[in-house]
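Letter by letter, the chains look like this.
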Amino acid sequence: MSDATIHHGGDRKWTDYFTFCTDHKVIGIQYLVTSFLFYFVGGALAEVVRTELATPDPDFVSPEVYNQLFTMHGTIMIFLWIVPAGAAFANYLIPLMIGADDMAFPRLNAVAFWMQPVGGILLISSFFVGAPQAGWTSYPPLSLISGKWGEELWILCLLILGTASILGAINFVTTIFKMRIPDMDIHSMPLFCWAMLATSALILLSTPVLAAALILLSFDLMAGTAFFNPTGGGDPIVYQHLFWFYSHPAVYIMVLPFFGVISEVLPVHSRKPIFGYRAIAYSGLAISFLGLIVWAHHMFTSGTPGWLRMFFMATTMLVAVPTGIKIFSWCATLWGGKLQLNAALLFAIGFLSSFLMGGLTGVMLAAAPFDIHVHDTYFVVGHFHYVLFGGSVFALFSGVYHWYPKVTGKMYDEIWGKIHFVMTFVGFNMTFLPMHYLGMQGMNRRIALYDPQYQGINQICTWGSYILALSTLPFLVSMALGLIKGKVAGRNPWRALTLEWQTTSPPEIENFEEMPVLWAGPYEYGIDTESEDGDEDIEDMLTEVANVG
Amino acid sequence: MNIPSSITTLIAGIAITLVSLWYGQNHGLLPVAASADANDVDDLFNLMMTIATGLFLLIEGVLVICLIRFRRKKGDMTDGPSIEGNIPLEIVWTAIPTVIVFILAIYSFEIYNNMGGLDPMVSGGSQMAMHHHGGHKIDNMVAMGDTNNSQVAIGIGKSPGVGDDEPLKVNVNGLQYAWIFTYPETGIVSGDLHIPKDRRVLLNMQAADVIHAFWLPEFRIKQDVMPGQESQLSFVANREGTYPVICAELCGSYHGGMKTTMTVESPEAYDQWVQERTVAMTGGESVALNPSELSDTDFLQSYAEDMGIIENTLQQIPHAPMNMMSALKP
């Protein structure tokens, strides 16, 4: 163990995590832990929703409370769990991956983080005044007549979180463009950084539009204007356009960072270079661009003229092409590799298998004639949980296991990690797969009372959701056991090639003792192992680095 | 080594294709189809299901093979082969989804057009006429005047009078938490919908309070019903029976209870229903009552039983639009 590690090897006092600390690593952890807290809140709400749906009658909670529950569940999971969790990874990893000592604007970064708890507490406090109950989409005129103060708090919360997300995006873009070590050109940058570039572009282009929609909605609500209120001559459809102009790209804001995570995890644990580096990098940008011109597919059944539906049908279907490129490339990365089936890789493969399902139903939903049938039904609920849970959350867990040794300096408990994976995978599929069938058969979404013929399948979903809820226990056990009695990880337990693994675990306060050296591309695995006289530097370096610490 | 593996690949490919083709036609995921349009939508879904099954089996198969065949042996610290890409392969797997997407887009467009998805945009003229029949609620809507000028009707279905016999027109009014159907030609007002088989039906829909969505699962059609703006659905039912009518857009706490039925019957049975209803409407005290002059409460009271609306819901209905107005005043 080097001196550097002993003196300031990234050991922070636990109190640092409750301060306005400008260290990007502290902020990353703050983001992640905060978002996990909200994940548990959002998850608990979901369990109440599922318990209510175990029977066809609204007998567990009243219909009003039910509407509040799913509205809050959706809002929390999107704005306080997945989006900030992506920011958590980006904050922790980007400076380390590009060899920088911090983000470009450390104070802005801290401000952006501290807006999360403020927004979150504001949102949850709305339960005291009657939580919003118009769904996370908050369509007027319903949102204008169903509880004023809850709705207003909801708007405020989203404005705060939206601002935080813009501040974060500015930071990521500037850091990636300006603070890479001199040797690292944009094409030797880890793919996670590419993913965050694509994500940040989306955030910067679309979030202000949501803010505009929310401010106008707030005027309608509080000042009696009629931007969206039909009784005063306003147009509620305009709100839907503004809302989805942000909220469709938001889907990509929620998955693109985790596409980046997957691109980091797969090569390391299958000991192969990522297949098609440039294809993966550029397809992320393509998704980002296409994501901006597909929003009206959420409005095929609302006030959208026929010809407009056709344009959005075509653009939406096109998203399948770059997404397909990514999935094929990831599969090709695994193929022929030497897979170390630890929890990190299992979650990554779980991601591939479930995200695929979300992608396939996504193309179906893009086809307007079919979408018109299943829009606002459980088919859609099933689809987006395959994308956002099967996609984002599986990849998030994969990333947590992958970087756990770097962040804590210890190894997580592998057995409990695997139990976590199995329970999550089983619970997840049991909860969300049957929903597709429910939706096609005629069960609409956002209902506390449903036709008794759907009870059997709903009970399967409910039991699945209980397994899913319980699956967080082995996760916490694995994390805790790692901290208490985990093996010391060393700098680079996975023998990975990206720069973050060159520093101590946990990284010291200024990240690197000296400027890191780019002695290999981020994914150049397998180059020298079979050549007899070839360049053995990389393997030597890896062995050496793995032994340090 | 190469020859057996390519034979395996070939056999696997054939197996996947056969399974996909079979499952694409036999998935049994959709309810009965009660119109020709619904059959078209089902054909599209079957095609998408076939393609999706194939891709699903292919990729999940690759993942399972990787999980089994490419696990690291214990103690093996070497890397896998250094394969960074393969341009021909990447071109193929970019081209194939692109082609599939284009085929699906064109096919979807075709079906959408057949369903009349593109027609309502030329039906501006008919819109004006509809408002005169527009049910008892519409007069209350301040916003109506502004949107009447719209030349684009929103919805799905052949424009009235275009290439068809005169369709049966029904005005649909959605309000928390009930559907009210008014037959402008006969003056019948009903809480459930009756239509004859094999005759085109044109629904002119408007909401009284918030956005609702009119969904007929067995007909694969759905359209939002908006306050202050009319939307349309047009279809021909070809199968007798009673089908659910569901509100699919979140419209408040009893959203889940906002449903009724649509009965498709033979023209004779339909005529009989019309007669019974007309007699009921013209008999006794209700002779003088024009439904459009009744208050919501009086109007709905008589239909509450028919529609199976629970007491609690009924209490809310008459007040909903009024509440909305007063709630919005600063």
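Note that the coordinates shown come from a computational prediction; the quantities given were computed from them, not determined experimentally.

Moving on: the overall build of chain A. Looking only at helices and strands, one finds 18 helices and 0 strands in chain A. Over its C-alpha atoms chain A spans a radius of gyration of 23 Å, differing by no more than 12% from the 24 Å that the globule rule assigns to 549 residues. Looking at chain A as a whole, 68% of its 549 residues qualify as buried. Pairs at least 24 apart in sequence give 81% of the contacts found in chain A among residues at least 6 apart. Of the roughly 17100 Å² of accessible surface on chain A, a fraction of 68% belongs to carbon and sulfur atoms. Separation of charge centres in chain A, based on 23 positive and 39 negative side chains, amounts to 2 Å.

Ranked by internal contacts, the top residues of the largest apolar core, which has 251 residues, are Phe89(A), Trp330(A), Leu203(B), Phe214(B) and Phe219(B). With 23 residues, the single largest contributor to this core is helix 3 (residues 63-98) of chain A. With near-sequence residues (within four places) excluded, Leu203(B) lies in contact with Val170(B), Val172(B), Leu193(B), Phe214(B), Ser231(B), Gln232(B), Leu233(B) and Phe235(B).

What follows concerns unusual backbone geometry. The step from Pro140(A) to Pro141(A) runs through a cis peptide bond, and the omega angle for that step is 0°. Note that Pro141(A) resides in the loop between helix 4 (106-125) and helix 5 (142-145). Of note, the bond from Gln176(B) into Tyr177(B) is cis; its omega dihedral lies within 30 degrees of zero at -5°. Its identity is not glycine, yet Arg495(A) carries a phi of approximately 55°, on the positive side. Judged by its relative accessible area of 9%, Arg495(A) is buried.

What follows is about the packing of helix 2 (residues 24-52) of chain A against helix 3 of chain A. Axis angle and axis distance: for two packed helices, these are the angle between their axes and the distance between the axes, and together they describe the pair. Residue and element names in this part refer to chain A. The N-to-C vectors of helix 2 and helix 3 enclose an angle of 155°; their axes lie 7 Å apart at closest approach. Put simply, helix 2 runs roughly antiparallel to helix 3. Crossing angle aside, the handedness with which helix 2 passes helix 3 is left-handed. Residues belonging to the contact of helix 2 with helix 3 are distributed by class as follows: 28 nonpolar, 7 polar and 2 charged.

Spacing of three or four residues puts side chains on the same side of an α-helix, whose turn is 3.6 residues. Here helix 9 (residues 277-291) of chain A spans 21 Å end to end across 15 residues, near enough to the 21 Å set by a 1.5 Å rise per residue. Along helix 9 of chain A, the residues classified as buried are Tyr277(A), Ala279(A), Ile280(A), Ala281(A), Ser283(A), Gly284(A), Ile287(A), Ser288(A), Leu290(A) and Gly291(A). On its buried side, helix 9 of chain A packs onto helix 7 (191-222), helix 8 (236-270), helix 10 (306-318) and helix 11 (320-334) of chain A together with helix 3 (87-114) of chain B.

As a further point, take empty space enclosed by the protein. Residue and element names in this part refer to chain A. Under the definition given, this model contains 6 cavities of 30 Å³ or more. In this structure, the largest cavity occupies an estimated 210 Å³ of space. Elements with a contribution of two residues or more to the lining of the largest cavity: helix 3, helix 6 (148-178), helix 7 and helix 8. In terms of residues, the lining of the largest cavity owes the most to one element, helix 6, which gives 7 residues. Considered class by class, the residues forming the lining of the largest cavity number 17 nonpolar, 7 polar and no charged.

Residues and elements named next belong to chain A. By the element assignment, Ser-478 lies in helix 17 (residues 472-485). The buried category is assigned to Ser-478, whose relative accessible area is 0%. If we skip the residues at most four places from it in the chain, Ser-478 touches Tyr-401, Tyr-412, Asp-413, Trp-416 and Gly-417.

This part takes up the sheet that holds strand 3 (residues 178-183) of chain B. Residue and element names in this part refer to chain B. Read across the open sheet, the 6 strands follow the order 1-9-6-2-3-4; overall the sheet is mixed. Each having just a single partner strand, strand 1 (154-156) and strand 4 (188-190) make up the two edges of the open sheet. Between one strand axis and the next, the sheet turns by 20° as a mean value, whatever way the strands run. Here strand 2 (residues 168-175) pairs with strand 6 (residues 200-207) via 7 bridges, running parallel. When the sheet's bridge partners are listed, Asn-173 is paired in strand 6 with Gln-206.

Looking now at the interface of chain A and chain B. Listed by partner, the interface residues are 98 residues for chain A and 89 residues for chain B. Taken together, both faces of the contact between chain A and chain B bury some 8100 Å²; the carbon and sulfur share is 70%. In this assembly, chain A and chain B are joined by 2 salt bridges. A salt bridge links Lys338(A) to Asp76(B); its shortest N-O distance comes to 3.1 Å. Our count for the chain A to chain B interface comes out at 20 residue pairs in polar contact (both at pLDDT 80 or more). Residue composition of the side of chain A that touches chain B, by class: 57 nonpolar, 28 polar and 13 charged.

Per the counting criterion, the structure on display carries 8 salt bridges over all chains. Close ionic contact of Arg271(A) with Asp79(B) constitutes a salt bridge, the shortest N to O distance being 3.0 Å. Highlighted residues: Arg271(A) in the loop between helix 8 and helix 9 and Asp79(B) in the loop between helix 2 (36-69) and helix 3, drawn from two different chains. On the basis of relative accessible area, Arg271(A) is assigned to the buried category, the value being 2%. Judged by relative accessible area, which is 3%, Asp79(B) ranks as buried.

As a further point, take a negative patch on the surface. Taken together, the side chains of Asp198(B), Glu240(B), Glu268(B) and Asp271(B) make up a negatively charged region of the molecular surface. Its location among the elements puts Glu240(B) in the loop between strand 9 (231-236) and strand 10 (241-247).

All names here are of chain B. Among the 5 residues in strand 8 (residues 221-225), 5 count as buried, and that is most of the element. Side chains of strand 8 alternate between two faces, with Ile-221, Gln-223 and Val-225 and Lys-222 and Asp-224 buried alike. Where strand 7 (residues 212-216) meets strand 8, 5 bridges bridge the pair, whose relative direction is antiparallel. What sits directly across from His-212, in strand 8, is Val-225.

A few words now on helix 10 of chain A. Taking 1.5 Å per residue, 13 residues should reach 18 Å; helix 10 of chain A reaches 19 Å between its end C-alpha atoms and fits that length. Restricting attention to buried positions, one finds in helix 10 of chain A the residues Gly306(A), Leu308(A), Arg309(A), Met310(A), Phe312(A), Met313(A), Thr315(A), Thr316(A) and Met317(A).

Moving on: the packing of aromatic side chains. With the rule as written, the count across this model stands at 64 aromatic pairs over all chains. Centroid distance Trp335(A) to Phe70(B): 5.1 Å. Interplanar angle 65°. Geometry classified as edge-to-face. Here Trp335(A) is found in the loop between helix 11 and helix 12 (343-366), whereas its partner Phe70(B) is found in the loop between helix 2 and helix 3 on a different chain. The exposure class assigned to Trp335(A) is partly exposed, which follows from its relative accessible area of 37%. With a relative accessible area of 10%, Phe70(B) lands in the buried category.

Attention shifts here to the confidence of the model for chain B. Residues and elements named next belong to chain B. For chain B, the average pLDDT comes to 79, and 72% of its residues sit at 70 or higher. Under a pLDDT of 50 for its full length, residues 284-289 has, in the predicted model, 5 contacts with residues more than four places off or in other chains. Low pLDDT, under 50, characterises residues 305-330; the predicted model gives this stretch 43 contacts beyond four residues in sequence or across chains. Interface confidence for the predicted complex, given as ipTM, is 0.91, next to a pTM of 0.88.

This part covers the pairing of strand 5 (residues 193-196) of chain B. Residues and elements named next belong to chain B. Judged by which residues are buried, strand 5 turns out to be covered on both faces: Leu-193 and Ile-195 on one side and His-194 and Pro-196 on the other are all buried. Bridging between strand 5 and strand 11 (residues 259-265) involves 4 bridges; their strand directions are parallel. Along strand 11, the bridge assignment pairs Leu-193 with Met-262.

This next bit is on a nonpolar patch on the surface. Residues and elements named next belong to chain A. Where nonpolar side chains cluster on the molecular surface, the patch consists of Val-33, Leu-37, Phe-40, Leu-470, Leu-473 and Leu-476 and spans about 530 Å² of accessible area. Contributing elements (two or more residues each) for the nonpolar patch: helix 2 and helix 17. Broken down by element, the residue count for the nonpolar patch peaks at 3 residues, all from helix 2. In this structure, Val-33 sits in helix 2.

Criteria and cut-off values
Residues numbered from 1 in each chain as written. Chains lettered and ligands numbered in written order. Predicted model: local features only at pLDDT ≥ 70, side-chain atom pairs only at ≥ 80, totals over all residues. Heavy atoms only, no water. Helix = DSSP H or I, 4+ residues; strand = E, 2+ residues; numbered from the N terminus. Rg over C-alpha atoms; globule rule 2.2 N^0.38 Å. Buried < 20%, exposed > 50% of the residue type's maximum accessible area, 1.4 Å probe, protein only. Contact = heavy atoms within 4.5 Å. Areas by Shrake-Rupley, 256 points an atom, 1.4 Å probe, with all protein chains shown as cover. Lys, Arg positive; Asp, Glu negative; His and termini not counted. Charge placed at Lys NZ, Arg CZ, Asp CG, Glu CD. Core = buried A, V, L, I, M, F, W, Y, C linked by side-chain atoms within 4.5 Å. Axes fitted to C-alpha atoms, helices over the stretch in contact; angles between N-to-C directions. Parallel < 35°, antiparallel > 145°, perpendicular 65-115°, else oblique. Left-handed = near helix turned anticlockwise from the far one by under 90°. Nonpolar A, V, L, I, M, F, W, Y, C, P; charged D, E, K, R; others polar. Expected span 1.5 Å × (residues − 1). 1 Å grid on protein atoms, 1.4 Å probe; cavity = no way out; pocket = protein on both sides within 12 Å on 5 of 7 lines; lining within 4 Å. Points joined across faces, edges and corners; volume = space filled by probe spheres on them. Pairing = 2+ DSSP bridges. Buried area = accessible area lost by both parts, 1.4 Å probe. Salt bridge = Lys/Arg side-chain N within 4 Å of Asp/Glu carboxyl O. Polar contact = N/O pair within 3.5 Å; in protein donor to acceptor, adjacent residues only side chain to side chain. Patch = residues over 30% accessible without salt bridge, like charges linked within 9 Å, V, L, I, M, F, W, Y side chains within 5 Å. Phe/Tyr/Trp six-rings, centres within 6.5 Å; stacked < 30°, edge-to-face > 60°. pLDDT = per-residue confidence, 0-100.

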